[in-house]
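# Inside the fold
For reference, the chains in residue letters:
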Amino acid sequence: MTGALDVNEFVAGYLVEVEEHLSASTANLLAVEAALRAGESSPRPIRELFRALHTIKGLSAMVGVEPIVDLAHAMETVLRAADRAAGSLSASSIEVLLRGLRAIEERARALAEGKPVLPAAPELLAALTALDLAAAPSPPVPTIGADPEILAKLGPGERVQLAQGVAGGRRALRVDFTPSPARTAEGVNITTVRERVGKLAEIVKVVPLSVPAGDGAPGGIVFALLVLTSAPDEEVARAAAADGVRALTVEPPVPPAVAALAEREPDEPVDQEPQLRGVVRVEVARLDDALDKLSALVVTRFRLARAAAELRARGVDTRDLSEILREHDRTLRDLRAAIMRARMISVKELLERVPLVVRGLGRATGKQARLEIDAGKAELDKAVAERVFPAIVHLLRNAVDHAIEPPAERRRLGKPEEGVVRVSCFERSSNQLELSVADDGRGIDRALVARRAGRPAPESDAALLDLITLPGLSTLDQATKTSGRGLGMDIVRRIAVEQLSGELSVSTSPGAGTTFTLRIPLTLTIVDAFSFLCGDQLFVTPVAGVEEVLEIDAARIIRGPAPGEARGGTRLPAAGEARGGTRLIERRGEVVPLVDLGALFETGASPARRALVVRRHGAPFAFGVTRVIGQQEVVVRPLEDPLVRVPGVSGSTDLGDGRPTLVLDLVTLSGRLSAGRGGRGALVRVAS
């Protein structure tokens with residue numbers, strides 16, 4: 001036997017568990033608040049919240065974090081009373097419970113950082129103890145048509161949950177699963193049944209019933225699943241491995257405001273036990289290490305390909321080697337996809353904290369804002385998610401503090417008092433995510449922004465974006481706790497464009513609202529890229545940023561006004577202008593500016609024969625290159641030294657020859673050239 005158990009080895013796992021339960025608790029508490037505003041009860045979120053806090057309390061007691069135990073226990077008491085009241089909480093209770101969740105989060109963070117964990121604040125514990133939930137009005141009791149042994153185990157919240165489901169148009173069913181040795185041998189048990197039924201229905205309660213043992217029930221037990229569903233009865237029965245289902249009658253439907261139904265202690269539901277989901281938690285550092293090893297393999301693949309090409313050039317038969325290399329390529333691509341899938345997180349998970357941010361902004365500004373999130377099934381790399389989240393927070397601050405009008409002003413304008421902020425995202429391609437933050441507020445006042453910036457009023461949304469992202473620019477006379485320091489949009493631009501090599505755009509309409517759109521890569525380290533020559537210099541650029549590869553027809557190139565050239569014909573200096581001025585090419589009826597990258601970088605006099613077309617703020621821009629070599633996976637290494645970082649160059653890569661090859665961000669480069677800034681000299685220095 002060893003000595004006393006050292007709980008420190010469990011702290012890392014404990015912190016991960018607590019973080020997950022806190023995130024779920026916050027989402028459930030905000031759902032309770034939303035139901036309260038709509039005049040409805042919320043039995044299920046309250047029950048889930050109670051379970052999460054019960055788990056946090058148990059885990060904290062195991063590792064000896066007593067302050068969190070005290071807080072979770074006090075909050076449990078409030079939620080137990082709320083469950084007796086069938087999902088009824090007051091607005092003041094929600095505020096105090098949110099303070100409790102923040103207090104638990106602060107103490108968990110202190111534990112993670114190795115700092116002392118402070119005792120629970122006495123005033124917070126007193127506020128939780130003083131919460132009075134007994135004043136809720138007593139509603140009519142919904143009548144559930146079920147066997148007495150089932151009714152005896154139904155808590156008040158579960159009765160209301162069934163009644164609400166029926167009132168919402170779903171059917172309340174009872175479906176019985178009878179375990180047996182034969183079914184167990186086939187892998188069919190109560191856990192698998194719950195998983196299958198859960199895909200078709202909302203499981204309200206799982207009630208174990210004792211029955212006489214016999215051929216129909218060898219174990220003398222039957223599990224009755226009470227569910228709400230819109231699926232056909234046959235599908236539900238098939239999922240539960242049952243012969244059929246029985247309808248539950250619920251009369252009358254529960255009214256919107258629901259409170260106490262009973263004063264007895266609710267039974268601990270059977271389906272409270274944790275489900276095994278086949279999930280293994282892995283530290284991000286381990287995934288980073290795996291990705292580094294994969295990056296080395298990608299570079300080695302380039303070296304192998306070069307060595308095979310040299311052997312072929314010497315007349316060596318490399319057919320067997322070429323086949324091995326092709327198989328190696330397929331395996332490497334599959335390995336890359338597997339590692340990247342392991343690094344991906346759901347955008348829904350990224351946005352879990354957003355509702356709490358909007359709620360806090362609304363309270364700080366005195367405005368009413370409703371958040372709508374449409375994330376679908378989009379995923380992105382953990383590293384990208386951590387970088388882009390601050391940009392999302394800044395956009396939300398702008399939406400609530402600047403765009404959404406105060407309730408009185410919205411009433412005067414004929415708008416609902418509650419403004420709407422919508423966050424939506426979807427995958428545009430296999431390697432790019434489009435994320436937008438929209439509001440129905442006042443829109444951006446172009447004249448006001450121009451006066452603040454000391455510039456002419458912008459005529460386009462792209463020009464407006466250039467103004468509002470100027471460092472230090474703010475439309476507020478005095479900074480507030482939430483905004484006004486002129487940093488927010490500049491930070492958003494730097495994150496989206498410079499750090500993530502993405503694109504930022506804006507669309508606004510006076511009185512109707514504003515939409516900011518970010519287009520960012522799903523991952524940053526290993527990307528599909530085009531390799532191409534400009535003169536004798538090799539470059540690569542991510543495939544996701546290229547809209548089309550064109551063949552340049554010299555006969556169809558026309559001379560247009562150069563960047564910085566005035567409308568009257570007077571030329572202004574343009575640091576980013578290529579020799580010979582700006583040229584234009586026609587592409588399916590539209591005229592596209594063309595810049596010769598070889599001339600811009602002074603890499604040689606070879607004529608541009610191909611053009612890589614990118615799109616910035618909806619407008620196309622073409623870069624002439626000597627030759628496009630092909631498409632391949634590359635490992636992007638960012639340029640960390642600020643002395644060599646310039647717009648348009650996102651990093652470097654190794655194509656197997658041991659020499660660094662620059663990775664160009666053509667979208668950003670097009671923006672710098674269009675604005676007549678950036679400097680050819682700076683680009684040439686990096687290229688050389």
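Residues numbered from 1 in each chain as written. Predicted model: local features only at pLDDT ≥ 70, side-chain atom pairs only at ≥ 80, totals over all residues. Heavy atoms only, no water.

The next subject is the overall build of the protein chain. Along the backbone of the protein chain there are 22 helices and 24 strands. A burial count over the protein chain gives 46% of its 688 residues as buried. By element, 53% of the accessible surface of the protein chain is carried by carbon and sulfur atoms, the whole surface being about 34,100 Å². (Helix = DSSP H or I, 4+ residues; strand = E, 2+ residues; numbered from the N terminus. Buried < 20%, exposed > 50% of the residue type's maximum accessible area, 1.4 Å probe, protein only. Areas by Shrake-Rupley, 256 points an atom, 1.4 Å probe, with all protein chains shown as cover.)

Let us look at the packing of helix α11 (residues 284–313) against helix α12 (residues 319–343). Contact geometry of α11 with α12 gives a least axis separation of 10 Å together with a crossing angle of 160 degrees. One finds that α11 runs roughly antiparallel with respect to α12. Seen along the crossing, α11 lies across α12 with a hand that is left-handed. For the contact of α11 with α12, the class distribution of residues is 17 nonpolar, two polar and six charged. (Axes fitted to C-alpha atoms, helices over the stretch in contact; angles between N-to-C directions. Parallel < 35°, antiparallel > 145°, perpendicular 65-115°, else oblique. Left-handed = near helix turned anticlockwise from the far one by under 90°. Nonpolar A, V, L, I, M, F, W, Y, C, P; charged D, E, K, R; others polar.)

For the rest of this paragraph, the subject is the packing of helix α1 (residues 11–37) against helix α2 (residues 43–63). Between α1 and α2, whose axes approach to 9 Å, the crossing angle comes to 155 degrees. Taken together, the axis directions place α1 and α2 in an arrangement best described as roughly antiparallel. As α1 runs across α2, the sense of the crossing is left-handed. Between α1, through Tyr-14, Glu-17, His-21, Leu-22, Ser-25, Asn-28, Leu-29, Ala-31 and Val-32, and α2, the contact on the second element is made entirely by Pro-45, Ile-46, Glu-48, Leu-49, Ala-52, Thr-55, Ile-56, Leu-59, Ser-60 and Val-63. Among the residues making up the contact of α1 with α2, the classes are represented as 12 nonpolar, five polar and two charged. (Contact = heavy atoms within 4.5 Å.)

Counting residues in hydrophobic clusters, the biggest one holds 48 residues, and the most contacted among them are Leu-380, Leu-396 and Leu-518. Every residue in contact with Leu-396, bar those within four places of it in the chain, is listed here: Val-354, Val-357, Val-358, Leu-361, Val-421, Val-423 and Val-437. Formed by 36 residues, the second largest nonpolar core is a distinct cluster that contains Val-65, Ile-68, Leu-71 and Leu-98. (Core = buried A, V, L, I, M, F, W, Y, C linked by side-chain atoms within 4.5 Å.)

Within the structure shown, the criterion is met by 40 salt bridges. For the salt bridge of Arg-171 with Asp-233, the shortest nitrogen-to-oxygen distance reads 2.6 Å. Of this pair, Arg-171 sits in strand β2 (residues 171–177) while Asp-233 sits in helix α10 (residues 233–239), placing them 62 residues apart in sequence. On the accessibility criterion, Arg-171 (32% relative accessible area) is partly exposed. Put simply, Lys-415 and Glu-405 hold a salt bridge, and the shortest N to O gap is 2.8 Å. In this pair, Lys-415 is assigned in the loop between α16 (407–412) and β10 (419–429) and Glu-405 in the loop between α15 (382–403) and α16, connecting sequence segments 10 residues apart. Residue Lys-415 shares its accessibility class with Glu-405, and that shared class is buried. Look at the salt bridges and you will find they share partners, linking Glu-547, Glu-548, Arg-587, Arg-588, Glu-590 and Arg-615 into a network. (Salt bridge = Lys/Arg side-chain N within 4 Å of Asp/Glu carboxyl O.)

Time to look at the confidence of the model for the protein chain. Of all residues in the protein chain, 82% have pLDDT values of 70 or greater, and the mean over the chain is 77. The least confident element of the protein chain is helix α22 (residues 680–687), whose mean pLDDT is 41; the most confident is α16, at 90. Predicted confidence for residues 133–139 stays below pLDDT 50, and this span has 17 contacts to residues more than four positions away or in other chains. Within the model, pLDDT remains below 50 along residues 677–688, and this stretch shows 29 contacts once partners closer than five positions in the same chain are excluded. (pLDDT = per-residue confidence, 0-100.)

This part covers the sheet that holds strand β22 (residues 627–635). Read across the open sheet, the five strands follow the order β22-β14-β15-β24-β23; overall the sheet is mixed. Each of the sheet's edge strands pairs with one partner strand only, and the pair in question is β22 and β23 (649–654). Taking the axes of each pair of neighbouring strands and ignoring which way they run, one obtains an average angle of 35 degrees across the sheet. With five bridges joining them, β23 and strand β24 (residues 660–664) adopt antiparallel strand pairing. Bridged to Gly-651 within β24 is Val-663. Strands in contact with α12 are β14 (526–534) and β22; relative to β14, the strand with the most contacts, it is inclined by about 130 degrees. (Pairing = 2+ DSSP bridges.)

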